[in-house]
Amino acid sequence: MTDPSRLGAPVRFEGVGKRYGRSWAVRGFDLEIAAGEFVSLLGASGSGKTTSLMMLAGFETPTEGRIAVGGRTVDAMPPAKRDIGMVFQSYALFPHMTAAENVDFPLRMRGRPKAEREAAVAKMLDIVGLAHLADRLPSQLSGGQQQRVALARAIVFEPPVLLMDEPLGALDKHLRATLQAEIKRIQARLGLTVLFVTHDQEEALTMSDRICVMRDGAILQVDAPETIYDRPADTYVAAFFGESNALTAVPEGPGAVRLGPVVAPWPGAGPAAGALEIAIRPERIAIADEDAPVPPAHVAVFATVRETTFVGDRRVYLAALDTGEAVQVNQPLADLSGGHRPGERVRLHWATTAMRGFVDGRAA
Amino acid sequence: MSARALRLSAGLPARVALGAVALLVALFLVFPVVIVIPLSFSGSEFLSFPPESWSLRWYADFFTTARWLESAWLSIWIAVVAAILATVLGTAAALGLARAKFPGRAVVTAFLLSPLVVPAIIVSIGVYFFYAPLGLVGSPIGIAIAHATLASPFVLVNVTAALAGFDPRLEQAAKNLGASGWSTFRLVTFPIIKPGVMAGAVFAFIASFDEMIVALFITSPGNVTLPIRMWESMRNEISPAIAAVSTLVILLSVSLFFVAARIQARAVARSGGDR
Ligand SMILES: Nc1ncnc2c1ncn2[C@@H]1O[C@H](COP(=O)(O)OP(=O)(O)OP(=O)(O)O)[C@@H](O)[C@H]1O
Ligand SMILES: [Mg+2]
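Not measured: the values here are computed from a predicted model.

Take the overall build of chain B next. Within chain B, the regular secondary structure consists of twelve helices and zero strands. Reading chain B from its N end, one meets helices and strands in the order α-α-α-α-α-α-α-α-α-α-α-α. Viewed in the frame of its principal axes, chain B has a C-alpha envelope of about 70 × 65 × 30 Å. Per-residue burial over chain B gives 39% buried out of 275 residues. Residue pairs at least 24 apart in sequence account for 70% of intrachain contacts in chain B once pairs closer than 6 positions are excluded.

What follows deals with the interface of chain B and chain A. Every contact between the two is made by 20 residues of chain B and, on the other side, 25 residues of chain A. Between chain B and chain A lies a buried interface of about 2,000 Å² when both sides are counted; carbon and sulfur atoms form 66% of it. Where chain B meets chain A, there are zero salt bridges. Linking chain B with chain A are five residue pairs in polar contact (both at pLDDT 80 or more). When residues of the side of chain B that touches chain A are traced back to their parent elements, those giving at least two are helix H8 (169–176) and helix H9 (181–210) of chain B.

Take the UniProt feature "domain: ABC transmembrane type-1" (unreviewed entry) in chain B next. Per the UniProt record, the feature "domain: ABC transmembrane type-1" (unreviewed entry) sits at residues 72–260 of chain B. Helix makes up 79% of residues 72–260 of chain B and strand 0%, and the two end C-alpha atoms of the span are 22 Å apart.

All names here are of chain A. Inspection of the region around ligand 1 gives Tyr-20, Ala-25, Ser-45, Gly-46, Ser-47, Gly-48, Lys-49, Thr-50, Thr-51, Gln-89, Glu-166 and His-199 as its neighbouring residues. Note that an oxygen atom of ligand 1 is positioned 3.2 Å from one of the backbone N or O atoms of Ser-47. In isolation ligand 1 exposes 640 Å². Once the protein is present, 59% of that is buried. Ranked by the residues each element gives to the shell around ligand 1, the list is headed by helix H1 (residues 49–57), at three residues.

Another aspect to go through is the sheet that holds strand E9 (residues 210–215) of chain A. Residues and elements named next belong to chain A. Ordered by their spatial adjacency, six strands build an open sheet running E6-E7-E8-E3-E9-E10, and the pairing between neighbours is mixed. Only two strands of the sheet have a single neighbouring strand rather than two, namely strand E6 (84–87) and strand E10 (218–223). Here the average twist between neighbouring strands, direction ignored, is 15°. The sheet contact formed by strand E3 (residues 38–43) and E9 spans five bridges and is parallel. Bridge pairing in E9 links Gly-43 to Met-214. The sheet strands contacting helix H4 (residues 143–155) are E6 and strand E7 (161–165), and the helix crosses E6 at an angle near 175°. Of the strands in this sheet, E3, E7 and strand E8 (193–198) touch helix H5 (residues 173–190), which is tilted by about 140° from E3.

It is worth spelling out the confidence of the model for chain A at this point. Residues and elements named next belong to chain A. Per-residue confidence for chain A gives a mean pLDDT of 88, with 95% of residues at or over 70. Within chain A, the lowest mean pLDDT, 80, falls on strand E21 (residues 362–363), and the highest, 96, falls on helix H2 (residues 99–109). The model gives residues 1–5 a pLDDT under 50, and that stretch makes four contacts with residues more than four places away or in other chains.

Around the magnesium ion (ligand 2), the protein contributes the donor atoms Thr50(A) (OG1) and Gln89(A) (OE1), at 1.9 to 2.5 Å from the metal centre. Taken together, the residues Thr50(A) in helix H1 and Gln89(A) in the loop between E6 and H2 connect sequence positions 39 residues apart.

What follows deals with the packing of helix H4 (residues 66–99) of chain B against helix H11 (residues 226–236) of chain B. Residues and elements named next belong to chain B. The contact between H4 and H11 brings their axes to 8 Å, and the two run at 145°. Along its contact with H4, which presents Arg-67, Trp-68, Ser-71, Ala-72 and Ser-75, the element H11 presents Leu-226, Pro-227, Arg-229, Met-230 and Ser-233. Residues belonging to the contact of H4 with H11 are distributed by class as follows: five nonpolar, three polar and two charged.

So, about the side chain of Lys49(A). Mapped onto the elements of the fold, Lys49(A) is located in helix H1. Dropping the residues within four chain positions of it, Lys49(A) is found in contact with Leu41(A), Leu42(A), Gly43(A), Ala44(A), Glu166(A), Val197(A), Thr198(A), His199(A) and Met214(A).

Right, let's get into the pairing of E8(A). Looking down a regular strand, the side chains alternate between one sheet face and the other. All names here are of chain A. Across the six residues that make up E8, a large majority, six, are buried. Burial of E8 is two-sided: the residues Thr-193, Leu-195 and Val-197 facing one way and the residues Val-194, Phe-196 and Thr-198 facing the other way are all buried. Bridging between E3 and E8 involves five bridges; their strand directions are parallel. Paired with Val-39 across the strands is Leu-195, a residue of E8. Inspection of the sheet shows E7 paired to E8 by five bridges, in the parallel sense. Paired with Asp-165 across the bridge in E8 is Val-197. Remark: the E7/H5/E8 crossover connection has right-handed handedness.

Time to look at the sheet that holds strand E4 (residues 64–69) of chain A. The strands making up a sheet associate through hydrogen bonds between their backbones, and the pairing can be parallel or antiparallel. If you walk across this open sheet you meet the four strands as E2-E1-E4-E5 (chain A), and the pairing is antiparallel. Strands at the two margins of the open sheet, each flanked by one partner only, are strand E2 (23–33) and strand E5 (72–73) of chain A.

All names here are of chain A. Counted under the stated rule, the structure contains 22 salt bridges over all chains. Lys-114 is the salt-bridge partner of Glu-118, the closest N and O atoms lying 3.9 Å from each other. Linking Glu-118 with Lys-114, this pair stays in helix H3 (residues 114–127), spanning four residues, or about one helical turn. Between Glu-203 and Arg-176 there is a salt bridge, with the nearest N and O atoms lying 3.0 Å from each other. Within this pair, whereas Glu-203 is found in helix H6 (residues 201–207), its partner Arg-176 is found in helix H5, the two being separated by 27 residues in sequence. As far as the burial class goes, Glu-203 and Arg-176 line up, both buried. Salt bridges sharing common partners tie together Arg-12, Glu-14, Glu-32 and Arg-66.

Further remarks concern the environment of Glu290(A). Residues and elements named next belong to chain A. By secondary structure assignment, the location of Glu-290 is in the loop between strand E15 (286–289) and strand E16 (298–310). Accessibility expressed as a relative area gives 38% for Glu-290, which makes it partly exposed. Spatially, the C-alpha atoms of Glu-290 and Ile-278 are 23 Å apart, while their sequence positions differ by twelve residues.

This chain's UniProt record puts "transmembrane region" (unreviewed entry) on residues 12–41, 72–98, 110–131, 143–166, 196–218 and 238–261 of chain B. Taken end to end, residues 238–261 of chain B is 88% helix and 0% strand, and its two terminal C-alpha atoms sit 35 Å from one another.

The rules behind the values
- All chains use their own residue numbering, which begins from 1 and follows the written sequence.
- Just so you know, chain letters begin at A and ligand numbers begin at 1, following the order they were written in.
- With pLDDT at 70 or above as the cut-off, local features in this predicted model cover only qualifying residues; side-chain atom pairs require 80 or more to be listed or tallied, and sums for whole chains, interfaces and linings still use all residues.
- Side-chain numbers here rest on the full set of heavy atoms in the structure, without hydrogens or water.
- Going along the chain from the N terminus, every DSSP run of H or I of four or more residues is numbered as a helix, and every run of E of two or more is numbered as a strand.
- Under the scheme applied here, a residue whose accessible area is under 20% of the maximum for its type counts as buried, over 50% as exposed, and between as partly exposed, the area being computed with a 1.4 Å probe on protein chains only.
- The contact criterion used throughout is that any non-hydrogen atoms of two residues lie within 4.5 Å.
- Defined in terms of a 1.4 Å probe, buried area is the accessible area two parts forfeit on being brought together, summed over both.
- Criterion for a salt bridge: a side-chain nitrogen of Lys or Arg within 4 Å of a carboxyl oxygen of Asp or Glu.
- Throughout this description, a polar contact denotes any pair of N or O atoms lying within 3.5 Å of each other; where both atoms belong to protein, one of them has to be capable of donating a hydrogen while the other can accept it, and for residues adjacent in sequence the pair is counted only when both atoms sit in side chains.
- UniProt positions are given in the numbering used here, feature names are shortened, and annotations may be inferred rather than shown by experiment.
- Being near a molecule or strand, for a residue, comes down to having at least one heavy atom within 4 Å of it.
- Areas reported here follow the Shrake-Rupley algorithm with a probe of radius 1.4 Å; residue values treat only the protein chains shown as occluding.
- A pair of strands counts as paired when DSSP detects no fewer than two bridges linking them.
- For helices, the fitted axis covers only the stretch in contact; all axes are lines through C-alpha atoms, and the angles between them, taken along N-to-C directions, range from 0 to 180 degrees.
- For every residue, the predictor states its confidence as a pLDDT score lying anywhere from 0 to 100.
- Nitrogen, oxygen and sulfur within 2.8 Å of a metal are treated as its donors, or within 3.2 Å for sodium, potassium and calcium (Na, K, Ca); water is not counted, so a site can appear incomplete.
- Only Asp, Glu, Lys and Arg are considered charged, only Ala, Val, Leu, Ile, Met, Phe, Trp, Tyr, Cys and Pro nonpolar, and every remaining residue, Gly among them, polar.
- Whether a crossover is right-handed comes down to one check: with the strands pointing away from the viewer, does the path from the first strand over the helix to the second run clockwise; if it does, it is right-handed.

Here's what the structure looks like:
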């Protein structure tokens, strides 16, 4: 388990597509994953995440394109020969085997000596915190415990590539955080290449080297978490990660756009004509008294507070601009004093660099 | 479901009436079987009900008469061989039909189940003419093979039912973890569908053990199965011996059913009863 020479293998999808009947579950899927990289697939239900994993594991045959692992095309390789660990969305634990027997299965199939197997299984069950439940059958375990057995079973044989289909879905917040850290630690120590499916944007942001956002079987954006969050490729990605305000702007000569009554400098080229959609994260907007000074290089607009909600570490305001557009502002709370009341006139301002522009949904 | 609803909603008189009807139906079904049991303990030479005196002489008669014992052993041997053949073939057919998606699957299924509906006499004639040139007429293995074809639908039906509750992702998981096709079957698929296979095997054994018509066509004087021996014995003399043999046959069948039920109950308990 500590052999440092065994590192993850690179994975490459080239123009991969999968068609069921007349509809494409996945189409034009191009993705290169470096050895030892942790990539998350994120997307709404039915966006093709599981299908992509199943093609890599060998249970679905791509309708088009090719898949390579470690530089070798695997399209003709049976699943048992691919040496790819997988945590199935439904766990797929063997119901007639105990937790320990389930975890032992891949080692047994590889003909490892018994003593070595026993040690590896015990160690793995310990890592996932199930050592005391080794002799339970899956039906005698809770959903979260079953999920951990599935995880242990997929990792115990140290596969160069590990696929996980929402492996932490059934866990409570605390256990989830523990296992997220554990998965990251094992992955880093063994240098495994991981393809991780999740519905949870926060999980994707914290765990991944890169995130691949999917929609309707196609890839929208593949980038590092910071980039995905800060420079989303389109409004769908922007809305998927965190909260975002959308304001309509029109070009106002070169290098400027008009947002209601104010003109803001616009660094990008902007559209030749027509509207530009501006997205601003609620936490990048500052809320201040009507007559407060505006910092340099900030855009400022007047607004009326409609609602205010206290959420512990921040205060969330819903305000209406004079154009009628609604804006959400998240105000981090350094101290609990102050705050603006509903009906109050305020000034909202934000750095010009906080604005992201989209034309027809795509980043401008 | 509707019986349950009735039980929950109906008053006491309705429930008593339902119980009475159920009891009558049950009695009607088991009465012909149960009546032979007291007859077998008769002390007299003739079949009469109720018996005038009681004894175990007809059991002693069975266990000391060579013809009875030879026939019993022959039937058991044939039933075991037939059950093994039927279980292998029926299980393979069920797996193939459950996995493969090909046009005409329904037709193939109906064809494989046809021994259940084709009259035995027609099968018998066919088997006889098929066996004659092969020299299988009159041989125990010939009877066993013929019985296997008749019994395989029982296995097919039971294993198909077991496979319906089997999650095919378990096989994917096994292969993903490095198991070959055979290991996957031996270590994952088979242990999970085993209760269905075992139940099918028990039904196949009983189907062969009870079968007379086909056996009658291809039997030879040296190879008389137990049902044929019973039939002949009844035609010659009606003695309580036949009741004793019948009781023993019932005992064997019922115990086999209990064995099958036990296997199934244990499997359910082991998988937690939730599948
Ligand atoms: N065997 C199949 N036959 C037909 N269509 C399928 C099949 N498997 C998947 N699909 C379709 O392909 C699309 C992608 O499915 P997939 O399971 O990859 O989604 P997913 O992103 O994993 O969703 P979820 O988050 O709900 O698990 C869906 O529209 C689904 O209905
Ligand atoms: Mg899925």
